[in-house]
Protein chains: 2
Amino acid sequence: MEKAHVFSKYPLMVLVISIFLNLFFCMRVCSGSEDHDQSDLSWSRKAAEEAESVAAISCSGHGRAYLDGILLDGKQPVCECNNCYAGHDCSEFIPNCAADATSGDPLFLEPFWMQNAASSAILVAGWHRMSYSFSDKTYISQELENHIRKLHQVVGNANTSGRFIIFGAGSTQLLNAAVHALSSNDSDSSPSLVFAKIPFYQVYESQTVFFETKDFKFEGDVSVWKNNSNATTNLIEFVNSPNNPDGQLNKAVLQGRNAKAIYDRVYFWPHFTAIPAPADEDIMIFSISKLTGHAGTRFGWALIKDEAVFNRMTTYLSLNTLGVSRDAQLRALKLFNVILQGRSGRDIFEFGHKLMSSKWEKLNQTLSASTRFSLQKMGSQYCTFFRRVPEPSPAYAWLKCEREEDKDCYQVLKAANITGREGTVFGAESRYVRLALIRGQDDFDQLLQRLKAIV
Amino acid sequence: MEKAHVFSKYPLMVLVISIFLNLFFCMRVCSGSEDHDQSDLSWSRKAAEEAESVAAISCSGHGRAYLDGILLDGKQPVCECNNCYAGHDCSEFIPNCAADATSGDPLFLEPFWMQNAASSAILVAGWHRMSYSFSDKTYISQELENHIRKLHQVVGNANTSGRFIIFGAGSTQLLNAAVHALSSNDSDSSPSLVFAKIPFYQVYESQTVFFETKDFKFEGDVSVWKNNSNATTNLIEFVNSPNNPDGQLNKAVLQGRNAKAIYDRVYFWPHFTAIPAPADEDIMIFSISKLTGHAGTRFGWALIKDEAVFNRMTTYLSLNTLGVSRDAQLRALKLFNVILQGRSGRDIFEFGHKLMSSKWEKLNQTLSASTRFSLQKMGSQYCTFFRRVPEPSPAYAWLKCEREEDKDCYQVLKAANITGREGTVFGAESRYVRLALIRGQDDFDQLLQRLKAIV
């Protein structure tokens, strides 16, 4: 009792405080095992920490570091800077560099995925899907196929009922697989002739020419053939709708028993166009590149009506690459999951459309100050997805140099420190240049600045 | 003081206990923020938890659940059972099912990656590598290329110096890219003739026939051409070394100015063969499928001496698929990282060789009880990697039915409830059957059991 007296002055208070502290600590420690935020991770923790550590590398908002980036110091990957930025943290602006509006690199959606970091991340175990095939012996994830069908239904941009689905490494692989499938006809000795309507996406030509077989041959501009209905030759037409470069909702030009169309529908999403009605063609090709912005993942799909065409395309995919990387399929599945969560696709398409329509508006405002350049006319239509007539929001500007002397529009822009893509690449006149608007914000800001300087 | 008396009996003891408890809790809570195991994760936590939750699904050791598996209850992916197992947790053995030794699905390495779970996991952020290209404008990860060169150096199985490296969707895509590149010769009007030595991997034929152009044509067995040295025709030979199906270290049969070889080196790893010296051919093709067991990732590479061939193959890859999925490249990089860590590749190759040589030994023991079947002879050679003469460890058994009446060996095995691959598929007699030994343990156990029953 002698010792107790030392503490006897405020024993109750000290004890109460101590017990409260006990309760407080106990709540934190004891609840930890059940609390979501404190649950213990084991083997996955290291990968999660690596990813967060790389994501935390500051690149000044003008670049990013990746898990697989170059390790200069052997530890942390370097910042990979946007065009016109340099320095170890991309903070140095390069004053007189050329604005890059060349390739259709769809980085405009990168901020969306950064905003949805938690729901869009995936942790891939070392033993994930090592096998050649899924448990149903195919190269196609059934869950992913289900998600694709659901997404088309929610967006209302394609009729999937009664359609087979095949996956490819982006639309690129599927385009040639479709040409192969439509042209492989043993009874027909003359090769199928392949067409597209000018201006057209250059890969239709370069790919078809490069992989030419005895069964097909690239013939070029469809308008040449339009009035020449040869009944014995098999005709194949690439139809890009909306069209790269000019954003028009093209329809097949060739009609008749021997005419077959491959509808490239990669831009047929509410980011870029009103959706007047679900597309309903025999062969429709889509990809995540222009839907989610993940061009590097190399994932696309085709909706196919005819079983024989589907089977031939499946053989193509097997003998070409044994299907599509399971890692790419897992990634696509997670992205579709995010899109379909919550507001059923409204989040990503509202984000995408708002951004693209604002770019288009700014570009129009800038160019309206002069008659030197003109842009393609974008029609307005009711969109069943947005339930209104949306503002135009094309992926590309199809710019025309209007002055008589500006015959080489690419060079006119080049002199103004803007790199676009020559109209001739699309089979059109050199008076045209395509400017990609779907790139990142830095690229667009620089483009606008350079344009303002010349108009 | 009245109240204090209530506690006055053992106030010191209670207080001391309480303070000790506080210290204990404080150590747990306060150290948490710095302790590695308790560091806070933010956006990556959900993905990590999802992966661990799926990995924790019990499939009785005879199956596995995957992140992208079918969700029957809308929550947890189902168990995907190994051959001969069924039930929601793969615990039901199907007594009279056929042993599957058909495809070369390299699941033998799955346990290795499960043992290395923490180091082999990757967390992929939603915005990871969205662009079409890396910052150097290629489709090829520089870090991954560096890792490949380092791995070949450590293993000593290929000379990479002065070689270009190109990536493909497994060896599959690279095989045809190489045929295209070697045969595209504008000055030569007759098509290049493509050969392989019987028995050969069936894709050499089926792929070359399917994608035939005016520049090349599959001609078949190389022995037909051997003594017919036509100086004007371009000849291309597939050389698989070690060979699928018989494990032999083949060399090109065709020689001379117009003969070019595509060396398929996918089995040239210490799992399957002694490494006598680094391979040093003009075109060598490898893949992770037979190195790490990740067939589903679809990642391979080619080492190429001639720049013009490299450029033509690069064009092929661009126009076919715009390169290889960045997700597949990230996965491959992580796997190479694990292999190169610590004991410089010894862990995985010792694991793989031990397993494969033990399978080969058991198979030989089983079949030695009878003269009904024979296996290919495996030579013994010094291995520069293991620094000894390793026991044989081929990926496949090339089984021959020796009895006069057993002309259709596939059917003989089929009757004994074993599914192999017909010798005719490899261009050989129907007296041969290939049995895949690189599949998972369940498949091998069943194969051995069925074989024991018939010998």
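Up top you'll find the structure we're talking about.
The structure reproduced in this document is the subject of the present report. These figures come from a predicted structure and were not determined experimentally.

**Here we look at the state of the cysteines**
All names here are of chain B. According to the stated counting rule, one finds eight disulfides over all chains in the structure shown. A sulfur-sulfur separation of 2.1 Å characterises the disulfide bridge that pairs Cys-81 with Cys-90. Measuring the twist about the S-S bond at about -90 degrees, one finds the Cys-81-Cys-90 disulfide to be left-handed. For Cys-81, a relative accessible area of 29% puts it in the partly exposed group. Taking the relative accessible area as the measure of exposure, Cys-90 reaches 0% and is therefore buried. With a sulfur-sulfur separation of 2.2 Å, Cys-401 is cross-linked through a disulfide to Cys-409. Every disulfide takes its handedness from the sign of the S-S torsion; for Cys-401 and Cys-409 that torsion is 70 degrees, giving right-handed. Of the residues examined, Cys-401 reaches a relative accessible area of 0% and is grouped as buried. Here the bonded cysteines of chain A are numbered in sequence order, and their pairing is 1-2, 3-5, 4-6, 7-8.

**As for the sheet that holds strand β14 (residues 373-374) of chain A**
All names here are of chain A. Taken together, the four strands give an open sheet; going across it, the order is β14-β15-β18-β17, and neighbouring strands pair in antiparallel fashion. Each of the sheet's edge strands pairs with one partner strand only, and the pair in question is β14 and β17 (421-422). Relative to strand β18 (residues 432-436), strand β15 (residues 396-401) runs antiparallel, the two sharing five bridges. The partner of Tyr-396 across the bridge, within β18, is Ala-436.

**Considerations on the pattern of salt bridges**
As a working rule, side chains carrying opposite charge can pair if their charged atoms are close by. Residues and elements named next belong to chain A. All chains considered together, the criterion is met by 40 salt bridges over all chains. The salt bridge involving Arg-163 is made with Asp-280; its shortest N-O contact spans 3.1 Å. Here Arg-163 is found in the loop between α6 (142-155) and β7 (164-168), whereas its partner Asp-280 is found in the loop between β11 (259-264) and β12 (283-287), with 117 residues between them in sequence. What makes Arg-163 buried here is its relative accessible area of 5%. Judged by relative accessible area, Asp-280 falls into the partly exposed class, the value being 41%. Glu-391 serves as the salt-bridge partner of Arg-388, at 3.3 Å between the closest nitrogen and oxygen. On the accessibility criterion, Glu-391 (41% relative accessible area) is partly exposed. Shared partners join several salt bridges into a network, and the residues in it are Arg-343, Arg-346, Asp-347 and Glu-350.

**Re the relation of the copies chain A and chain B**
Of the transformation placing chain A onto chain B, the axial shift is 0.0 Å and the rotation is 180 degrees, giving an RMSD of 0.0 Å. The two molecules are tied by a two-fold rotation axis, judged by turn and shift.

**Describing the packing of helix α11 (residues 326-344) of chain A against helix α11 (residues 326-344) of chain B**
Contact geometry for α11 of chain A and α11 of chain B: axes closest at 7 Å, N-to-C directions at 115 degrees. Considering only the axes of α11 of chain A and α11 of chain B, their crossing is right-handed. For the pair formed by α11 of chain A and α11 of chain B, the contact residues are Asp-327, Ala-328 and Arg-331 of chain A on the first element and Asp-327, Ala-328 and Arg-331 of chain B on the second. Residue composition of the contact of α11 of chain A with α11 of chain B, by class: two nonpolar, no polar and four charged.

**A few points about the nonpolar core**
In terms of nonpolar packing, the biggest core is built from 166 residues, with Trp-301 and Phe-336 of chain A together with Trp-301 and Phe-336 of chain B touching the most fellow members. Once residues within four sequence positions are removed from consideration, Phe-336 of chain B is found in contact with Leu-144, His-147, Ile-148, Leu-151, Ile-288, Leu-291, Phe-299 and Trp-301 of chain B.

**Remarks on the pairing of strand β8 (residues 192-196) of chain A**
Residues and elements named next belong to chain A. Taking burial as the measure, the five residues of β8 include five buried ones, the bulk of the element. Of the two faces of β8, the one lined by Ser-192, Val-194 and Ala-196 and the one lined by Leu-193 and Phe-195 are each fully buried. Since β8 and strand β9 (residues 216-221) lie parallel, the crossover through helix α8 (residues 202-210) that links them has a hand, and here it is right-handed. Bridge count for β8 against strand β10 (residues 235-240) is four bridges, and the pairing is parallel. By the bridge assignment, Phe-195 is partnered in β10 with Glu-237.

**A look at the packing of aromatic side chains**
Inspection of the entire model under this criterion finds 50 aromatic pairs over all chains. An angle of 85 degrees between the planes, with centres 5.0 Å apart, marks the rings of Phe-211 of chain A and Tyr-316 of chain B as edge-to-face. Here the residue Phe-211 of chain A occupies a position in the loop between α8 and β9, and Tyr-316 of chain B occupies one in helix α10 (residues 307-321), the pair thus bridging two chains. The exposure class of Phe-211 of chain A is buried, given its relative accessible area of 6%. The class for Tyr-316 of chain B is buried, based on a relative accessible area of 2%. Seen in terms of ring centroids, Trp-269 of chain A and Phe-286 of chain A are 5.6 Å apart; in terms of plane orientation they differ by 65 degrees. Their pairing is edge-to-face. With Trp-269 of chain A in the loop between β11 and β12 and Phe-286 of chain A in strand β12, this residue pair connects regions lying 17 residues apart in the sequence. Judged on exposure class, the residue Trp-269 of chain A and its partner Phe-286 of chain A are both buried.

**Things to note about the interface of chain A and chain B**
Taken together, the contact pairs 112 residues of chain A with 112 residues of chain B. In this assembly, chain A packs against chain B so that about 10,100 Å² is buried in total across both faces, 60% of it on carbon and sulfur atoms. Ranking the residues of chain A by area buried against chain B places Asp-68, Trp-127 and Met-130 of chain A at the top, with a combined share of 8%. Scanning the region where chain A abuts chain B turns up eight salt bridges. Here Arg-129 of chain A and Asp-68 of chain B are joined by a salt bridge, their closest N and O atoms 2.9 Å apart. Run the count over chain A and chain B and you get 51 residue pairs in polar contact (both at pLDDT 80 or more). For the side of chain A that touches chain B, the element with the most residues is helix α2 (residues 11-32) of chain A, which contributes 12 residues. Of the residues contributing to the side of chain A that touches chain B, the split by class is 50 nonpolar, 36 polar and 26 charged. Note that strand β6 (residues 122-124) of chain A and strand β6 (residues 122-124) of chain B share three bridges and pair antiparallel.

Procedures and definitions
Residues numbered from 1 in each chain as written. Chains lettered and ligands numbered in written order. Predicted model: local features only at pLDDT ≥ 70, side-chain atom pairs only at ≥ 80, totals over all residues. Heavy atoms only, no water. Disulfide = S-S within 2.5 Å. Buried < 20%, exposed > 50% of the residue type's maximum accessible area, 1.4 Å probe, protein only. Pairing = 2+ DSSP bridges. Helix = DSSP H or I, 4+ residues; strand = E, 2+ residues; numbered from the N terminus. Salt bridge = Lys/Arg side-chain N within 4 Å of Asp/Glu carboxyl O. Least-squares fit on C-alpha atoms with pLDDT ≥ 70 in both. Axes fitted to C-alpha atoms, helices over the stretch in contact; angles between N-to-C directions. Left-handed = near helix turned anticlockwise from the far one by under 90°. Contact = heavy atoms within 4.5 Å. Nonpolar A, V, L, I, M, F, W, Y, C, P; charged D, E, K, R; others polar. Core = buried A, V, L, I, M, F, W, Y, C linked by side-chain atoms within 4.5 Å. Right-handed = clockwise from strand over helix to strand, strands pointing away. Phe/Tyr/Trp six-rings, centres within 6.5 Å; stacked < 30°, edge-to-face > 60°. Buried area = accessible area lost by both parts, 1.4 Å probe. Polar contact = N/O pair within 3.5 Å; in protein donor to acceptor, adjacent residues only side chain to side chain.

Bear in mind that shape data such as this cannot, by itself, settle questions of function.
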